[in-house]
Amino acid sequence: MGLTIGVDIGGTKIAAGVVDEDGTILETYKVPTPPTADGVTDAICAAVSEVGSSHTIDAVGIGAAGYVDDKRATVLFAPNINWRHEPVKDKVEQRIGLPVVVENDANCAAWGEYRFGAGQGHEDVICITLGTGLGGGIIIGNKLRRGRFGVAAEFGHIRVVPDGLLCGCGSQGCWEQYASGRALVRYAKQRANATPENAAILLALGDGTPESIEGKHISEAARAGDLVAIDSFRELARWAGAGLADLASLFDPSAFIVGGGVSDEGDLVLDPIRKSFKRWLIGGAWRPHAQVLAAQLGGKAGLVGAADLARQG
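An account of the accompanying structure is given in this report. It should be emphasised that the depicted structure is a prediction, and the values quoted were computed from it without experimental measurement. (Residues numbered from 1 in each chain as written. Predicted model: local features only at pLDDT ≥ 70, side-chain atom pairs only at ≥ 80, totals over all residues. Heavy atoms only, no water.)

Some remarks on the nonpolar core
Then, number 1: Ranked by internal contacts, the top residues of the largest apolar core, which has 45 residues, are Ile 128, Leu 130, Phe 155, Ile 218, Leu 244, Ile 273 and Phe 277.
Then, number 2: Residue assignment for this core shows that the elements contributing at least two residues are strand E9 (125-130), strand E10 (134-140), helix H4 (181-194), helix H5 (200-204), helix H6 (215-223), helix H7 (227-251), strand E12 (255-259) and helix H8 (267-280).
Then, number 3: No other element matches the 12 residues that H7 contributes to this core.
Then, number 4: If we ignore the near neighbours within four places in the chain, the residues touching Phe 155 are Ile 126, Cys 127, Ile 128, Leu 134, Gly 135, Gly 136, Gly 137, Ile 138, Trp 175, Leu 247 and Phe 251.
Then, number 5: Listed in part, the 30 residues of the second largest apolar core include Ile 5, Ile 62, Ala 64 and Ile 81. (Core = buried A, V, L, I, M, F, W, Y, C linked by side-chain atoms within 4.5 Å. Buried < 20%, exposed > 50% of the residue type's maximum accessible area, 1.4 Å probe, protein only. Helix = DSSP H or I, 4+ residues; strand = E, 2+ residues; numbered from the N terminus. Contact = heavy atoms within 4.5 Å.)

A few points about the sheet that holds strand E7 (residues 83-86)
The strands that make up a sheet are held in pairs by hydrogen bonds between backbone atoms, and each pair lies either parallel or antiparallel.
Then, number 1: Across the sheet, three strands lie side by side as E5-E6-E7; this open sheet has antiparallel pairing. Each end of this open sheet is capped by a strand with a single partner; those strands are strand E5 (67-68) and E7.
Then, number 2: In this sheet, E7 lies alongside strand E6 (residues 75-78) in antiparallel orientation, the contact comprising three bridges. Looking across to E7, one finds that Ala 78 is bridged to Trp 83. (Pairing = 2+ DSSP bridges.)

What about the packing of aromatic side chains?
Then, number 1: Enumeration over the complete set of coordinates arrives at five aromatic pairs.
Then, number 2: Between Tyr 67 and Phe 77, the ring centres sit 6.2 Å apart and the planes meet at 65°, which makes this aromatic pair edge-to-face. Here the residue Tyr 67 occupies a position in strand E5, and Phe 77 occupies one in strand E6, the gap between them amounting to 10 residues.
Then, number 3: By relative accessible area, Tyr 67 is classed as partly exposed at 32%.
Then, number 4: Judged by its relative accessible area of 35%, Phe 77 is partly exposed.
Then, number 5: Ring plane angle 70° and centroid distance 5.5 Å describe the contact between Phe 256 and Phe 277, whose orientation is recorded as edge-to-face. Residue Phe 256 is found in strand E12, and its partner Phe 277 is found in helix H8; the two are separated by 21 residues along the sequence. Taken individually, Phe 256 and Phe 277 each receive the classification buried, so the pair is uniform in this respect.
Then, number 6: One Lys or Arg, Arg 186, reaches over the ring of Tyr 178 and ends 6.0 Å from the middle of that ring.
Then, number 7: Geometry around Trp 280 places Arg 279 over its ring, the cationic atom sitting 3.9 Å from the centre. (Phe/Tyr/Trp six-rings, centres within 6.5 Å; stacked < 30°, edge-to-face > 60°. Lys NZ or Arg CZ within 6 Å of the ring centre and 35° of its normal.)

Considering the packing of H7 against H8
Then, number 1: It is at 7 Å that the axes of H7 and H8 come closest, and there the two elements cross at 45°. The angle between H7 and H8 places the two elements in the oblique class. In the packing of H7 onto H8, the handedness of the crossing is right-handed. In contact with Phe 233, Leu 236, Ala 237, Arg 238, Ala 240, Gly 241, Ala 242, Leu 244, Ala 245 and Ala 248 of H7, H8 contributes Leu 268, Val 269, Pro 272, Ile 273, Ser 276, Phe 277 and Trp 280. (Axes fitted to C-alpha atoms, helices over the stretch in contact; angles between N-to-C directions. Parallel < 35°, antiparallel > 145°, perpendicular 65-115°, else oblique. Left-handed = near helix turned anticlockwise from the far one by under 90°.)

Topic: H8
An α-helical turn contains 3.6 residues, so any two residues separated by three or four positions project in the same direction.
Then, number 1: Here H8 is 14 residues long and its end C-alpha atoms lie 19 Å apart, about the 20 Å a rise of 1.5 Å per residue gives.
Then, number 2: For H8, the set of buried residues is Val 269, Leu 270, Pro 272, Ile 273, Ser 276 and Phe 277.
Then, number 3: Here the buried face of H8 lies against E9, H7, E12 and strand E13 (291-294). (Expected span 1.5 Å × (residues − 1).)

Focus on the pattern of salt bridges
Then, number 1: Summed over all chains, the structure comprises 16 salt bridges.
Then, number 2: Here Arg 191 makes a salt bridge to Asp 231, at a shortest N to O gap of 2.6 Å. Taken together, the residues Arg 191 in helix H4 and Asp 231 in helix H7 connect sequence positions 40 residues apart.
Then, number 3: Lys 216 serves as the salt-bridge partner of Glu 214, at 3.8 Å between the closest nitrogen and oxygen.
Then, number 4: Given a relative accessible area of 59%, Lys 216 falls into the exposed group. (Salt bridge = Lys/Arg side-chain N within 4 Å of Asp/Glu carboxyl O.)

As for unusual backbone geometry
Then, number 1: One non-glycine residue with positive phi stands out, namely Arg 72, at about 55°.
Then, number 2: Residue placement: Arg 72 occurs in the loop between E5 and E6.
Then, number 3: A positive phi is found at His 85, a non-glycine position, where the angle reads about 50°.
Then, number 4: Along the chain, His 85 falls in strand E7.

Below you can see the structure in the form of structure tokens.
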């Protein structure tokens, strides 16, 4: 199979890209994400038609945030789009006349990293994405493992604190409430409110109040040496590394790949994640340790992975 198109459905934009067999993006096209479910389908078809107009395309892969069935055809539930048992594959195929594969967006990103990014050379890889929430993907024995019903690797909703913080999924104490971009902002606001004298740089980037703190402020302030910002990253990393240690007990991979917007800060967050992972790894003094690697493809991972999964069929 030659060229395929990957589609990444984001909260504000839908990106479509033509991708070759080496994972190289040849051309991209972006459209705003419409507010309605039917509008999203229309936008996907329009983006695919536009970006593929000057290429011979063999198949299309679509990455969607939500639960995708075992046939990679129907989105069972999408939290940010009103898709409930939505037959995305059939609807898009009928309109574009090409084979379509639908997959969870975190699985797409994991596959992209495994094939063309930090996971190259590994057969057993667990990926997590630290973004607004926490997503993941499982590659064991060179295969993407989706579970019987297609909805495996929802790591963000593993309960790590019984009766803990309320999660958007309706449960309490989910991992993503403690290790995610949203958690990072909460940590920074709490610490800046408690010790504003240690958050001078951070507070100056907003309007001077803890309530104005945003993720981008925390990153900038941490790089400038702000104590509250640095400590907030460390708290997120403590939870992230402890969770990876639990996943090591389940899957025993050779590598963990950490992606998502939070991971863009590199060793500022990766080093304390590695330390936490080592601290909480059961039997760590006597067993081999998985590598904890930074994702390499950034925001392109989902698009590239979706395109390659379409190529795999």
